[in-house]
Amino acid sequence: VFYLPWYVEPVTRGRNSGFLRPKIGLNTLIFGSGRERNVQDLGYYYVFNEYADATLAADWYTESRFIVRFDTRYNLRYRFQGGFHWESVWNRLDDSQSELIRYRHDHTFSRDTRANVDVNWSNRRSFLRRNSFDPEEILQRAFRSAASYSTRFDWGSLVAGADADFRLDVNRTDFQLPNVRLSINQRPLWGGRRSAAGEGPWYSVLQY
C-alpha cells in the first residue's frame, strides 16, 4: 500500500491566502557530498486587503540550520509603499543565532513633498557571509540605513536627511549627522526683468 501526498493549487485570479508551495531538495553548496537535505518555504501567505499582504515561512536544513522568515508588504498608489522583513537563523554548526531586520517606507505627502526611510540591521556582522547564497549579498560591505525628507516651495526647496553605515568588513559603524539644505530660487536683483526684445536697463539681468 502506497500513499501519495497531494497538494491543492489555487487557480483563481488575483492574490489569495493559502499555504506556500514547499521546496524539497539536497543542498550541495555547503556539503560537497550532497547529504544535507532541506525543506524550504514551509509557511502561509495571507492577504489583508488589496493594499497589503504578509508571508510567514520556515526553511529547514538537516545538517546546518533552521530559518524563520516574516515578510509584509503594503502599497497604496500615489500615497505610500514599503515593506518589512525579519529573518532569524539558528545555526547548529557553531550553535549561534543570527537575526536580520529590513524596513523600507516611501511616503508621498503631495506632489512636492516626499519622505523615505530605509533601515537595515543585524546582530551579527557576518550574517550575509554565513547565511546567504547570493554572491552580491555575500560581497556587500555594509548595511546602510538612511532617512530623508524633501519638499518644494514656490521660492525654493528644503532637503533633510541622515544615514548610517554598519560596516560588515570591519568592526565599525559610520554615522552621518542629520543635515539640512535650504535652496532659494534665483530672483532678479532689482525686481525688474528685460522684455523678450531685450529692452530695459542693463542691470535688470542681475540675479541673486
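Keep in mind it's a predicted model, so treat the numbers as computed, not measured. (Residues numbered from 1 in each chain as written. Predicted model: local features only at pLDDT ≥ 70, side-chain atom pairs only at ≥ 80, totals over all residues. Heavy atoms only, no water.)

S.K.: I tried to follow the pairing of strand 3 (residues 36–49) on my own but got confused; where do I start?
M.R.: Side-chain direction in a regular strand flips from residue to residue, so the side chains alternate between the two faces of the sheet. Bridge count between strand 1 (residues 18–19) and strand 3: 2 bridges; the pairing is antiparallel. From the neighbouring strand, Gly18 faces strand 3, where its bridge partner is Tyr45. Pairing analysis gives 9 bridges linking strand 3 to strand 4 (residues 52–61), with the strands arranged antiparallel. Following the sheet pairing, Tyr46 is matched in strand 4 by Ala54. Where strand 3 folds back onto strand 4 in an antiparallel hairpin, the turn is made up of 2 residues. (Pairing = 2+ DSSP bridges. Helix = DSSP H or I, 4+ residues; strand = E, 2+ residues; numbered from the N terminus.)

S.K.: Got a minute to help me understand the packing of aromatic side chains in this structure?
M.R.: The relative placement of two aromatic rings is captured by the distance of their centres and the angle of their planes. Counting across every chain of the model gives 7 aromatic pairs. Judged by centre distance (5.1 Å) and plane angle (80°), the ring pair of Phe19 and Tyr44 falls under edge-to-face. You can see Phe19 sitting in strand 1 and its partner Tyr44 sitting in strand 3, a full 25 residues away along the chain. The class for Tyr44 is partly exposed, based on a relative accessible area of 34%. Relative to Trp90, the ring of Phe66 has its centre 6.1 Å away and its plane inclined at 40°; by these criteria the two rings are tilted. You can see Phe66 sitting in strand 5 (residues 65–76) and its partner Trp90 sitting in strand 6 (residues 80–91), a full 24 residues away along the chain. Owing to a relative accessible area of 31%, Phe66 belongs among the partly exposed residues under this scheme. The ring of Tyr61 is capped by Arg65, whose NZ or CZ atom sits 4.7 Å from the centre of that ring. (Phe/Tyr/Trp six-rings, centres within 6.5 Å; stacked < 30°, edge-to-face > 60°. Buried < 20%, exposed > 50% of the residue type's maximum accessible area, 1.4 Å probe, protein only. Lys NZ or Arg CZ within 6 Å of the ring centre and 35° of its normal.)

S.K.: Can you help me understand the nonpolar core in this one?
M.R.: With 9 residues, the main nonpolar core is built from Tyr61, Ile67, Val89, Leu100, Phe127, Leu128, Phe143, Phe166 and Leu168. Excluding residues that lie within four positions of it along the chain, Val89 makes contacts with Arg65, Phe66, Ile67, Ser96, Gln97, Ser98, Phe127 and Asn131. (Core = buried A, V, L, I, M, F, W, Y, C linked by side-chain atoms within 4.5 Å. Contact = heavy atoms within 4.5 Å.)

S.K.: I would appreciate a short explanation of unusual backbone geometry in the present structure.
M.R.: Excluding glycine, residues mostly carry a negative phi; peptide bonds, for their part, are mostly trans. Not every positive phi belongs to a glycine, and Asp41 is a case in point at roughly 60°. Residue placement: Asp41 occurs in strand 3. Accessibility expressed as a relative area gives 17% for Asp41, which makes it buried. In the Ramachandran plot, Tyr78 falls in the positive-phi region, its phi being about 70° despite a non-glycine side chain. The topology assignment puts Tyr78 in the loop between strand 5 and strand 6.

S.K.: Sorry if this is basic, but what is going on with a nonpolar patch on the surface here?
M.R.: Together, Leu189, Trp190, Trp202, Tyr203, Val205, Leu206 and Tyr208 give the surface a local cluster of nonpolar side chains, amounting to about 810 Å² of exposed area. Assignment of secondary structure puts Leu189 in the segment after strand 11 (173–184). Residue Leu189 is classed as partly exposed on the basis of its relative accessible area of 40%. (Patch = residues over 30% accessible without salt bridge, like charges linked within 9 Å, V, L, I, M, F, W, Y side chains within 5 Å. Areas by Shrake-Rupley, 256 points an atom, 1.4 Å probe, with all protein chains shown as cover. Salt bridge = Lys/Arg side-chain N within 4 Å of Asp/Glu carboxyl O.)

S.K.: Can you walk me through the pattern of salt bridges in this structure?
M.R.: A side chain of one charge can pair with a side chain of the opposite charge if their charged atoms are brought near each other. All chains considered together, the criterion is met by 12 salt bridges. Across the pair Asp53 and Arg15 runs a salt bridge, and its minimum N-O distance is 2.9 Å. Here Asp53, found in strand 4, pairs with Arg15, found in the segment before strand 1; they are 38 residues apart in sequence, far enough to count as distant. Looking at Asp53, the relative accessible area reads 2%, which means it is buried. Taking relative accessible area as the criterion, Arg15 reaches 38% and is therefore assigned partly exposed. Between Asp169 and Arg167 there is a salt bridge, and its shortest N-O distance comes to 3.3 Å. For Arg167, a relative accessible area of 17% corresponds to the buried category.

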